[in-house]
Amino acid sequence: MGMKRATTFAAAAVAVVLAASACGPSDYKASDSTQPAGAAAEAAPAAAGPGNQPGGQLAASVTEQLGSVLTDSAGLTLYRFDKDTAKPPKSNCEGDCAKTWPVVAAGDVTAASGMDPSLLGEVVRSDGTKQLTVAGWPAYRFNKDAKPGDINGQGVGGVWFAFGPDGKKAAKAAPAEAAPAASAAPAESAPAEAAEPAPGLSVAKDPKLGEHIVDGKGMTVYRFKKDTAWPMVSNCVGDCLAKWPVVPPVDKANAKGITEKNYRVMDRPDGKKQQTVDCWPVYTFSGDKKPGDTNGQGVGGTWYAVSPDGKLITVQ
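Residues numbered from 1 in each chain as written. Predicted model: local features only at pLDDT ≥ 70, side-chain atom pairs only at ≥ 80, totals over all residues. Heavy atoms only, no water.

## Here we look at the pairing of strand β8 (residues 105-110)
For a regular strand, side-chain orientation follows a simple rule: the groups alternate between the two sheet faces. When you tally the buried positions in β8, you get five out of six residues, the bulk of the element. One ladder, built from three bridges, connects strand β2 (residues 54-57) with β8; its direction is parallel. When the bridges of β8 are listed, Gln57 appears paired with Thr110. (Buried < 20%, exposed > 50% of the residue type's maximum accessible area, 1.4 Å probe, protein only. Helix = DSSP H or I, 4+ residues; strand = E, 2+ residues; numbered from the N terminus. Pairing = 2+ DSSP bridges.)

Laid out in structure tokens, this is it:
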């Protein structure tokens, strides 16, 4: 079948390749610093729509509306069709339907990090071509999704839905119901503690650094020059992570003043999830002891604070 099912990583690997790779090289032609040599060239517009290409390296991308959705290697959302069947797999989207909903060709595909590779399969269509299936359901893209993160096909006609990484329809988990009150009047209890606020990202201003990103505790956020955004790779592993903890996922609603371009959550092979800003992995520094500290700035000539648009702040 030609599918890549391997999900293990070589023990000697230094780079940690992160699954949710949805940034293109055109996004990084401009200088990656707050002191660019010149104005950044405007990126070319996205193509009008996806074609019948293989899925490549799949990823689980976190969205505000649906939670985790399955995307292809370009970051485009994958969909399933209620009029298809999974047992046995069969596609009922032909002709004009397949123009609006291009099929995901079978062949070159790798399961997303944390996804069960056995969910991936293929089905032979009526024209003899092979289509990727996820948990038996044929997979499609939507021709009105033009860029990574688009989910314009969600709910179309009441029959098209984004895939979750488990092959089911993507949906945010419902909050757990509170336990019912006891029928007898209980003795007065101490008031419940207020829920701890969700961690966030925001912008602080430093006399030397200017505007820079801080986490929900006011601690400075950093980037590592040895990381890359295309492909998205973290080269901070092992002992490095003890000094430079990853910034955990932060919902866009809790990120104030931060660019939304390629603001994504990545699944690391070590099992951790890491927030990115403009597809760059971000961290805090264990040497910062209180809000406002910037002790990580310039460490080793590779660690720098991050501007609100995700660029390095290279001033010392």
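Structure shown, so let's carry the discussion forward.
## What about the packing of aromatic side chains?
Tallying each qualifying case throughout the model produces twelve aromatic pairs. A ring pair is formed by Tyr222 and Trp244, whose centres lie 5.5 Å apart and whose planes are at 80 degrees; its orientation type is edge-to-face. Placement of the pair is Tyr222 in strand β15 (residues 222-224) and Trp244 in the loop between α2 (239-243) and β18 (265-267), with a sequence separation of 22 residues. Of the residues examined, Tyr222 reaches a relative accessible area of 0% and is grouped as buried. On the basis of relative accessible area, Trp244 is assigned to the buried category, the value being 4%. Here a set of aromatic residues connected by ring pairs shows up, and it is made of Tyr79, Phe81, Trp101, Tyr140, Phe142 and Trp160. Sitting over the ring of Trp137, Arg80 keeps its end group 4.1 Å from the ring centre. The lysine or arginine in question, Arg223, covers the ring of Trp280, its NZ or CZ lying 3.7 Å from the ring centre. (Phe/Tyr/Trp six-rings, centres within 6.5 Å; stacked < 30°, edge-to-face > 60°. Lys NZ or Arg CZ within 6 Å of the ring centre and 35° of its normal.)

## Quick word on the state of the cysteines
In this structure the tally under the stated criterion is two disulfides. Residue pairing for Cys93: its cysteine sulfur links by disulfide to Cys97, the two sulfurs lying 1.9 Å apart. Between Cys93 and Cys97, the S-S dihedral sits near -110 degrees, and the bridge is therefore left-handed. What makes Cys93 buried here is its relative accessible area of 0%. (Disulfide = S-S within 2.5 Å.)

## A short note on the sheet that holds β18
Strand order in the open sheet formed by three strands is β18-β19-β20, and the pairing between neighbours is antiparallel. Of all the strands in the sheet, just β18 and β20 (280-281) have a single pairing partner and so form its edges. Looking at chain direction, β18 and strand β19 (residues 273-277) are connected through three bridges and run antiparallel. Bridge pairing in β19 links Asp267 to Lys273.

## Remarks on the pattern of salt bridges
One pass over the full model with this rule turns up eight salt bridges. The residue Asp96 makes a salt bridge to Lys99 at a minimum N-O spacing of 3.6 Å. Taken together, the positions of Asp96 and Lys99, both in helix α1 (residues 96-100) and three residues apart, correspond to about one turn of that helix. On the basis of relative accessibility, which here comes to 58%, the residue Asp96 falls in the exposed class. Residue class for Lys99 comes out exposed when judged on its relative accessible area of 59%. With a closest N to O distance of 2.4 Å, Asp267 and Lys273 form a salt bridge. Taking relative accessible area as the criterion, Asp267 reaches 10% and is therefore assigned buried. (Salt bridge = Lys/Arg side-chain N within 4 Å of Asp/Glu carboxyl O.)

What is shown is where atoms sit, not what they do.
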